Amino acid sequence: MKNTDDIPRQRLSMPDIARFYGIVLVYYGHIIERIMYLKDPTAALHYKFIYSFHMPFFFLLAGFVVAPAKSTLPVGRFLRQMAASRLAPYVFFSLLLALMSLIFPGHYVVVDLSSAKGYAKGLIATAMGFPVFNIPLWFMACLVVVEIMHRAWARLVAGTAGLFAVVVVCLLGGLWLNQRIPFLMEGKNFWIVNEAPVMAAFYLVGVFLRRREFLLGNVPRPVLVFGVLACIAAVMLTFDLNQGPFRLFQAVVVVLGAHGNWLLFTVTALAGSLALLYLARLTFPARWLLFMGRNVLILFCLNGVFYHYINGPFADWFMRTFEGGAWLVFGAGVVFTALSLVASVPFVLLFNRFIPQLVGKPRQSGPLLPALIRE
């Protein structure tokens with residue numbers, strides 16, 4: 001690995017900018033989802049496009065940025081780091097929205113929160129790894145399992161041949177398993193463990209790309225432009241060819257274990273992920289972009305507030321007022337996404353100032369709590 005002091009700032013900032021593009025898709029995808037529920041065909045197509053790759057991208061990027069030394073830590077230290085960096089945000093943001101649900105009526109379809117029994121079921125489900133009070137946190141739950149798996153097979157994937165053997169086994173085995181057992185719908189989910197092998201395959205692809213210093217070397221700008229266009233074209237050509245079988249929606253929905261055709265899913269997810277990396281490498285590292293990218297974990301968790309409380313009322317108002325239309329749906333989604341991200345910034349600053357330990361920065365001390373990790 002090259003000394004990072006010799007790598008220009010734009011190359012080092014690429015993962016942060018890619019994170020930002022990913023979180024934009026999360027916010028846009030979730031508001032488009034609510035418009036889709038109101039039978040808008042444009043929203044349904046946008047939903048299928050975004051969902052075909054945006055969650056595999058986050059797992060690939062997690063593998064790209066993981067420190068190689070993390071997989072060789074002693075087990076006890078590794079678990080402490082996992083608890084501080086992954087479980088602490090999961091618990092904090094789950095409890096935050098659980099408390100909000102006692103005060104504000106929201107969109108909670110998994111459990112009925114109008115009774116104490118339903119609320120208790122929600123708490124149990126969250127403890128079992130399905131965060132019903134803050135649905136976007138399922139990514140954090142699954143990432144915990146993926147990183148534990150990566151720690152367990154660290155020696156096996158140290159070489160390229162071993163890594164790709166594990167990728168193939170995890171991808172095909174995980175897809176086969178989810179096609180046959182609807183884990184989430186049968187109440188068999190435990191920390192999204194059924195989906196972890198599939199996402200672990202993308203995580204390992206990210207590990208491989210980082211080992212090869214993908215897009216961290218000198219890449220001519222025309223090559224980057226061609227990479228973006230070629231990958232976007234591949235997604236455009238393949239995402240709607242994937243016709244299932246799916247669950248609930250005619251689209252890839254990772255949390256439901258719904259991928260459709262294994263080959264089209266894999267091609268589209270990889271092409272979309274690479275498109276975001278190429279685009280990030282092309283983008284000038286403006287300070288605000290880096291700020292948003294470095295705080296994507298908080299933005300991801302805060303999206304639960306919009307998902308459960310704001311997206312639905314906005315979608316209802318929009319469809320009553322404008323009755324849809326391709327450009328209006330796209331414009332409304334873009335504007336709502338931008339406003340949602342801007343509205344989240346004060347809370348990002350607030351959490352970073354007072355409780356950084358609970359929002360993904362466990363080595364920082366704050367005025368309310370000490371650092372969770374000291375070594």
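Up top is the structure these notes are about.
To start, this report covers the structure provided alongside it.

What counts as what
Counting of residues starts from 1 at the beginning of each chain's written sequence and follows it residue by residue. For a predicted model such as this one, the threshold for reporting local features is a pLDDT of at least 70, and the threshold for listing and counting side-chain atom pairs is 80 or more; totals across whole chains, interfaces and linings nevertheless cover every residue. The side-chain numbers reported here are obtained from all heavy atoms of the structure, hydrogens and water having been left aside. Helical segments are the DSSP runs of H or I of at least four residues, strand segments are the runs of E of at least two, and each set is numbered from the N terminus. Based on C-alpha atoms, the radius of gyration is set beside the globule rule, defined as 2.2 Å times the residue count to the power 0.38. Think of it in three bands: residues with accessible area under 20% of the maximum for their type are buried, residues over 50% are exposed, and the middle band is partly exposed, with areas taken using a 1.4 Å probe on protein chains only. The term salt bridge refers to a side-chain nitrogen of Lys or Arg lying within 4 Å of a carboxyl oxygen of Asp or Glu. It only takes one pair of heavy atoms within 4.5 Å for two residues to be counted as in contact. Between N-to-C directions, angles cover 0 to 180 degrees, with each direction set by a line fitted to C-alpha atoms, over the stretch in contact for helices. The hand of a helix crossing depends on one turn: near helix anticlockwise from the far one by less than a right angle means left-handed, and clockwise means right-handed. Throughout, the ten residues Ala, Val, Leu, Ile, Met, Phe, Trp, Tyr, Cys and Pro are labelled nonpolar, Asp, Glu, Lys and Arg are labelled charged, and all others, Gly among them, are labelled polar. Each Phe, Tyr or Trp ring, with Trp reduced to its six-membered ring, pairs with another whose centre is within 6.5 Å; inter-plane angles below 30 degrees give stacked pairs, above 60 give edge-to-face pairs, and intermediate values give tilted ones.

## Quick look at the overall build of the protein
Secondary structure assignment for the protein yields 13 helices and zero strands. Secondary structure of the protein in N-to-C order comes out as α-α-α-α-α-α-α-α-α-α-α-α-α. In terms of overall size, the protein behaves like a compact globule, its C-alpha atoms giving a radius of gyration of 20 Å where 375 residues would be expected to give roughly 21 Å. Across its three principal directions, the C-alpha atoms of the protein cover 55 × 50 × 45 Å. By residue count, 56% of the 375 residues in the protein fall in the buried class.

## Structural notes on the pattern of salt bridges
Under the defined criterion, the tally for this structure stands at five salt bridges. In this structure, the salt-bridge partner of Arg19 is Asp16, at a minimum N-O distance of 2.4 Å. Taken together, the residues span about one helical turn, with Arg19 and Asp16 both in helix H1 (residues 9-37) at a distance of three residues. Residue classification places Arg19 among the partly exposed residues on the basis of a relative accessible area of 21%. Lys70 is the partner of Glu147 in a salt bridge, and the nearest nitrogen-oxygen pair spans 3.0 Å.

## Re the environment of Pro370
Following the sequence through the fold, Pro370 ends up in the segment after helix H13 (326-354). The class of Pro370 is partly exposed, set by a relative accessible area of 47%. Counting along the chain gives 15 residues from Pro370 to Ile355, while the straight-line C-alpha distance between them is 9.2 Å. For Pro370, the contacting residues outside a window of four places in its chain are Gln357, Gln364 and Ser365.

## Observations regarding the packing of helix H12 (residues 296-322) against H13
Where H12 contacts H13, the two axes come as close as 10 Å, and the packing angle between them is 145 degrees. Viewed along their axes, H12 and H13 form a crossing whose handedness is right-handed. Listed contacts from H13 to Ile298, Leu299, Leu302, Phe306, Ile310, Asn311, Phe314, Phe318 and Phe322 of H12 are Leu328, Val329, Ala332, Phe336, Ser340, Leu341, Ser344, Phe347, Val348, Phe351 and Asn352. Taken together, the residues of the contact of H12 with H13 sort by class into 16 nonpolar, four polar and no charged.

## Some details on the packing of aromatic side chains
Taken as a whole and judged by the stated rule, the model has 32 aromatic pairs. Ring geometry for Phe49 versus Phe53: centroids 5.6 Å apart, planes at 85 degrees, classification edge-to-face. In this structure Phe53 comes out as buried when scored by relative accessible area, which is 5%. Ring centres of Phe49 and Phe239 lie 5.2 Å apart, and the angle between their planes is 90 degrees; this geometry places the pair in the edge-to-face category. Highlighted residues: Phe49 in helix H2 (residues 41-51) and Phe239 in the loop between helix H9 (221-238) and helix H10 (262-282), separated in sequence by 190 residues.

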